[in-house]
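Topology and contacts: notes
Spelled out from the first residue to the last, the chains are:
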Amino acid sequence: MLLINKITINALKGGKKVACPKRKISKSRKNKRRTHWVEKSINLIECPRCHEFKLSHHVCPSCGYYNGEKIIEEKSVSEAKAN
């Protein structure tokens, strides 16, 4: 009788080689690996001009100011209705 392991059978069938762990991974080791799988919170700050929340180091979407300078021109009401 010919002894053939599972990896050889998969290779003959055209399948991919699969990793076979030699030991069980403990809960603590698994959890240590997964510590970085956390969603990070968005860093929002208050705009000093209009007091709306905005991303830090970005132009404020509500007033259009950044670092005390007007960057984005606001559209008038008639232009907004036309679009």
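Bear in mind the structure is a predicted one, so any value in this text is a computation, not a measurement. (Residues numbered from 1 in each chain as written. Predicted model: local features only at pLDDT ≥ 70, side-chain atom pairs only at ≥ 80, totals over all residues. Heavy atoms only, no water.)

This part is about the overall build of the chain. Helix and strand content of the chain: three helices and four strands. Helices and strands appear in the chain in the N-to-C order α-α-β-β-β-β-α. Buried residues in the chain amount to 7% of all 83 residues. Considering only contacts within the chain whose residues lie at least 6 apart along the sequence, 0% involve residues at least 24 apart. Here the chain has roughly 8,500 Å² of accessible surface; of this, 56% comes from carbon and sulfur atoms. (Helix = DSSP H or I, 4+ residues; strand = E, 2+ residues; numbered from the N terminus. Buried < 20%, exposed > 50% of the residue type's maximum accessible area, 1.4 Å probe, protein only. Contact = heavy atoms within 4.5 Å. Areas by Shrake-Rupley, 256 points an atom, 1.4 Å probe, with all protein chains shown as cover.)

The subject of this paragraph is the side chain of serine 56. Among the structural elements, serine 56 can be located in the loop between strand E2 (53-55) and strand E3 (65-66). Side-chain polar atoms of serine 56 contact the side chain of asparagine 43, separated by 3.4 Å. Other than its neighbours up to four places away in sequence, serine 56 contacts Asn43 and Ile45. (Polar contact = N/O pair within 3.5 Å; in protein donor to acceptor, adjacent residues only side chain to side chain.)

We now examine a nonpolar patch on the surface. On the surface, Ile42, Leu44, Phe53 and Leu55 cluster together to form a nonpolar patch covering roughly 440 Å² of accessible area. With respect to the element layout, leucine 44 can be found in strand E1 (residues 44-46). (Patch = residues over 30% accessible without salt bridge, like charges linked within 9 Å, V, L, I, M, F, W, Y side chains within 5 Å. Salt bridge = Lys/Arg side-chain N within 4 Å of Asp/Glu carboxyl O.)

This next bit is on the environment of cysteine 63. Relative to the elements of secondary structure, cysteine 63 occurs in the loop between E2 and E3. For the pair cysteine 63 and histidine 51, spaced 12 residues apart in sequence, the C-alpha to C-alpha distance is 9.6 Å. If we skip the residues at most four places from it in the chain, cysteine 63 touches Cys47, Arg49, Cys50, Lys70, Ile72 and Glu74.

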